[in-house]
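Survey of secondary and tertiary structure
Chain by chain, the residues run as shown.
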Amino acid sequence: MLDLKAKSFEAVNWNRNQQELTKVFWDQQWKQIWFPEEIAVSKDIKQWTEFAHQDTYKKVLGGLTLLDTIQTNIGMNEIARFTPDLQEKALFTVFASFEAIHAKSYSYIFTTLCTNSEIDAVFEWIKRNEYLQYKANKISDVYRSINEHDAESLWKAMFASVMLESFLFYSGFFFPLYLGGQGTLRNSAEVISLILRDESIHGVATGFFAQQRFQSFTPEQKEKLTVWGYEFLLDLYHNEVAYTNDLYAETGLSPDVKSYVRFNANKALMNLGFDVMFPDEEVNPIVMNGIRNEGSTYDFFSQKGSTYAVAKVAPITDETFSFDF
Ligand code: MN3
Ligand code: MN3
């Protein structure tokens with residue numbers, strides 16, 4: 001006999017239009033579905049054999065693979081699991097599928113360009129690199145601390161997710177985009193550009209839902225979480241600087257990568273409705289050239305920009321934290 005006193009399950013109802021943007025994000029994500037095999041990475045093989053910075057490139061892709069693996073297996077899944085709204089839950093589940101495509105796409109580049117023993121060496125390096133492991137641990141700890149009775153914990157997970165997707169990925173994205181913008185390993189850069197196109201939806205969507213949750217908090221909670229957020233970002237930023245110096249040492253590109261990282265840290269904060277933290281600075285224009293312009297995603301979101309600014313967070317002043325660039 002079925003026990004009707006047991007928990008009553010509710011079905012997802014897309015007829016009800018409670019949150020219009022959930023469907024907007026859903027449609028946009030599916031519109032831009034892609035598979036790495038559609039990109040002719042094999043056309044990069046000739047350039048690859050003569051490429052001087054193979055080691056950096058392989059490690060960049062290795063680092064990105066780890067982050068997208070975590071985002072598939074822990075990030076989007078845990079956020080989907082604890083999000084109470086059923087449409088929103090479905091959206092995060094779709095995002096998780098795209099994370100799995102991202103994580104797999106780096107392997108496609110590896111398989112095309114590298115030997116098996118080279119690939120094995122990269123995956124061993126991932127396990128050993130302290131900066132990479134540090135950020136993986138920091139982010140996953142927040143994902144794993146979501147408690148269904150603690151609304152702040154879900155907000156923190158969303159904050160961490162935006163940090164990962166709108167900020168931490170960019171130290172890695174830099175190199176393929178920088179090279180692609182100059183016509184080097186352009187097809188591999190195309191793969192990265194498609195990943196970045198998805199991340200821009202994820203960052204805006206997750207940031208939007210985080211802002212909605214933030215609005216429901218008391219002024220005391222908001223203040224506490226704001227401090228937590230900036231401290232979390234700063235901690236990750238210091239680690240990212242060290243990771244960048246280590247990873248890009250042989251290329252001389254570290255200063256440019258760090259500018260790009262700060263630029264994207266500000267974007268992550270904007271996605272979350274927080275005030276930016278780093279002063280404006282020029283990003284290497286070659287990197288911007290490397291970003292595929294054909295898709296309308298960037299325009300789509302920048303035009304809709306004001307729609308997403310639902311929460312205005314009490315500004316934090318320059319004196320609140322001090323840090324070195
Ligand atoms: Mn991803
Ligand atoms: Mn993502």
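Worth saying up front: this structure is predicted, and the values here are computed from it rather than measured.

**Considering the overall build of the protein**
Within the protein, the secondary structure is distributed over 14 helices and zero strands. Shown N-terminal to C-terminal, the secondary structure of the protein runs as helices and strands in the order α-α-α-α-α-α-α-α-α-α-α-α-α-α. Contacts spanning at least 24 positions in sequence make up 83% of the contacts within the protein whose residues lie at least 6 apart. If you sum the accessible surface of the protein, you get close to 15,100 Å²; carbon and sulfur atoms cover 51% of it.

**Points about the pattern of salt bridges**
Going through the model one piece at a time under the given rule, you end up with 12 salt bridges. Note that K224 and E152 form a salt bridge whose closest N and O atoms lie 3.2 Å from each other. Here the residue K224 occupies a position in helix α10 (residues 219-247), and E152 occupies one in helix α7 (residues 151-168), the gap between them amounting to 72 residues. Judged by relative accessible area, K224 falls into the partly exposed class, the value being 49%.

**Details of the coordination of the manganese ion (ligand 1)**
The coordination sphere of the manganese ion (ligand 1) contains the protein donors D68 (OD), E99 (OE), H102 (ND1) and E199 (OE), at a distance range of 1.9 to 2.3 Å. Positions of the donor residues of the manganese ion (ligand 1) along the chain correspond to the pattern D-x30-E-x2-H-x96-E. The two metals, the manganese ion (ligand 1) and the manganese ion (ligand 2), are separated by 3.5 Å and share E99 as a common coordinating residue. Of this pair, E99 and H102 both sit in helix α4 (residues 86-113), three residues apart, which is roughly one turn of the helix. By relative accessible area, E99 is classed as buried at 0%.

**Points about the coordination of the manganese ion (ligand 2)**
Around the manganese ion (ligand 2), the protein contributes the donor atoms E99 (OE), E165 (OE), E199 (OE) and H202 (ND1), which lie 1.9 to 2.1 Å from the metal centre. Here the donor residues of the manganese ion (ligand 2) are spaced in sequence according to E-x65-E-x33-E-x2-H.

**Focus on empty space enclosed by the protein**
Here the structure, examined in full by the defined rule, presents one cavity of 30 Å³ or more. Forming the boundary of the largest cavity are V60, G63, L64, L67, L132, K135, L168, F169, S171, G172, Y243 and L247. When residues of the lining of the largest cavity are traced back to their parent elements, those giving at least two are α3 (54-82), α6 (130-144), α8 (170-180) and α10. Per-element tally for the lining of the largest cavity: the top contributor is α3, with four residues. Per-class residue counts for the lining of the largest cavity are eight nonpolar, three polar and one charged.

**Structural notes on α4**
Over its 28 residues, α4 runs 42 Å from end to end, which matches the ideal 40 Å to within 8%, given 1.5 Å per residue. Measuring from the backbone nitrogen of Q87 back to the side-chain oxygen at the start of α4 gives 3.1 Å, which picks out D85 as the cap.

**Points about the side chain of D68**
Structurally, D68 can be placed in helix α3. Buried within the structure, D68 lacks any salt-bridge partner; its nearest side chain of opposite charge belongs to K135, at an N-O separation of 11 Å. A polar side-chain atom of D68 sits 2.8 Å from a polar atom in the side chain of Y106. Sequence-distant contacts of D68, defined by excluding residues within four places in its chain, comprise E99, H102, A103, Y106, F169, I195 and E199.

**As for the packing of α4 against helix α5 (residues 116-128)**
Geometrically, a packed helix pair is captured by the angle between its two axes and the distance between the axes. Running from N to C, α4 and α5 point in directions that differ by 140°, and their axes come no closer than 9 Å. If you check the angle between α4 and α5, you find them oblique. Between α4 and α5, the contacting residues are S107, F110 and T111 on the first element and I119, V122 and F123 on the second. For the contact of α4 with α5, the class distribution of residues is four nonpolar, two polar and no charged.

Procedures and definitions
Residues numbered from 1 in each chain as written. Chains lettered and ligands numbered in written order. Predicted model: local features only at pLDDT ≥ 70, side-chain atom pairs only at ≥ 80, totals over all residues. Heavy atoms only, no water. Helix = DSSP H or I, 4+ residues; strand = E, 2+ residues; numbered from the N terminus. Contact = heavy atoms within 4.5 Å. Areas by Shrake-Rupley, 256 points an atom, 1.4 Å probe, with all protein chains shown as cover. Salt bridge = Lys/Arg side-chain N within 4 Å of Asp/Glu carboxyl O. Buried < 20%, exposed > 50% of the residue type's maximum accessible area, 1.4 Å probe, protein only. Donors = N, O, S within 2.8 Å, 3.2 Å for Na, K, Ca; no water. 1 Å grid on protein atoms, 1.4 Å probe; cavity = no way out; pocket = protein on both sides within 12 Å on 5 of 7 lines; lining within 4 Å. Points joined across faces, edges and corners; volume = space filled by probe spheres on them. Nonpolar A, V, L, I, M, F, W, Y, C, P; charged D, E, K, R; others polar. Expected span 1.5 Å × (residues − 1). Polar contact = N/O pair within 3.5 Å; in protein donor to acceptor, adjacent residues only side chain to side chain. Lys, Arg positive; Asp, Glu negative; His and termini not counted. Axes fitted to C-alpha atoms, helices over the stretch in contact; angles between N-to-C directions. Parallel < 35°, antiparallel > 145°, perpendicular 65-115°, else oblique.

Interpretation note: all reported values are geometric properties and have no functional meaning in isolation.
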